[in-house]
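Structural overview
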Amino acid sequence: IIYCNTLMVEIITIDGPASVGKSTLAKRISSHYKSPLLNSGRLYRAIALKMKIKKIRINDRTEIIKIARLLSDNDMRSNNLFNSGIEKIASQISAREYLRDELKVYQREFPKKYAKGKRFAIIEGRDIGTEIFPEAKYKIFMWADVKIRAKRRHDQIIKKGEKARLKQIYNEIIARDNKDLNRKIAPLKPAANSVLLDTSYLDIEQSLNKIKN
Ligand code: DC
């Protein structure tokens, strides 16, 4: 429980691998409970986008910290955060401990800043239940079979009218899983007291119902 001017806000953390449907479910939970949502992946993506625009090198710690400190809410709303170039930089910088420490501050401030008078604050990512809010009351760890995640991502891209190859997406997801699960700093793993939500055979409505229950 986080106290926001004496009002109590409970934290819901949602962690899980790429393309498991975290942000879709998080959005539904957020609108169902009229509670604010932070997609923490957007933090890493927004920094990656700024690095790309400003041509900052991947090892330029000073500049990367500077960008992180100046990050605005607007930066995280950009439509340009979701492409594979940005994803690649985001993935690389997300393994840097100094950056994770910097962003920890932002993430921990989120409920105090945005959830006043709300029942919940929902934060979605990879290490939210383990590193960012280890004291959270509700922790969800989402999972789905790799083949099913690949198919979902594939269909999503096709629906946007873009081209996609299932096999390539499948391989990319496996590569990202390996990176996220095996990195030394804040690896993706279920918090000891999290609830496992396997969505392999659940649609979004069924997933939301499970969470409500
Ligand atoms: O969830 P996403 O795909 O938008 O995340 C973008 C990148 O940031 C991805 O490489 C994983 C990383 N990330 C992370 O390391 N920790 C988080 N809490 C959220 C995202």
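Residues numbered from 1 in each chain as written. Predicted model: local features only at pLDDT ≥ 70, side-chain atom pairs only at ≥ 80, totals over all residues. Heavy atoms only, no water.

Observations regarding the site of the ligand
Taken together, 13 residues lie near the ligand, and Ser-40, Arg-45, Arg-100, Arg-126 and Arg-176 sit nearest. The separation between an oxygen atom of the ligand and a polar side-chain atom of Arg-45 is 2.7 Å. Arg-100 places a side-chain nitrogen or oxygen 2.9 Å from an oxygen atom of the ligand. Ranked by residue count, the leading element in the shell around the ligand is helix H2 (residues 41-54), at three residues. Of the residues contributing to the shell around the ligand, the split by class is two nonpolar, five polar and six charged. (Near = heavy atom within 4 Å. Polar contact = N/O pair within 3.5 Å; in protein donor to acceptor, adjacent residues only side chain to side chain. Helix = DSSP H or I, 4+ residues; strand = E, 2+ residues; numbered from the N terminus. Nonpolar A, V, L, I, M, F, W, Y, C, P; charged D, E, K, R; others polar.)

Here we look at the packing of helix H1 (residues 22-32) against helix H9 (residues 204-212)
It is at 10 Å that the axes of H1 and H9 come closest, and there the two elements cross at 55 degrees. Taken together, the axes of H1 and H9 are oblique relative to one another. When the axes of H1 and H9 are compared, the crossing they make is right-handed. The residues of H9 that touch H1, namely those facing Thr-24, Leu-25, Arg-28, Ile-29 and His-32, are Ile-204, Glu-205, Ser-207, Leu-208, Ile-211 and Lys-212. Grouping the constituent residues of the contact of H1 with H9 by class yields five nonpolar, three polar and three charged. (Axes fitted to C-alpha atoms, helices over the stretch in contact; angles between N-to-C directions. Parallel < 35°, antiparallel > 145°, perpendicular 65-115°, else oblique. Left-handed = near helix turned anticlockwise from the far one by under 90°. Contact = heavy atoms within 4.5 Å.)

Brief notes about the packing of aromatic side chains
By the definition in use, this model includes four aromatic pairs. With 6.4 Å between their ring centres and 10 degrees between their planes, Phe-141 and Trp-143 make a pair best called stacked. Assessed through its relative accessible area of 6%, Phe-141 is described here as buried. Owing to a relative accessible area of 26%, Trp-143 belongs among the partly exposed residues under this scheme. (Phe/Tyr/Trp six-rings, centres within 6.5 Å; stacked < 30°, edge-to-face > 60°. Buried < 20%, exposed > 50% of the residue type's maximum accessible area, 1.4 Å probe, protein only.)

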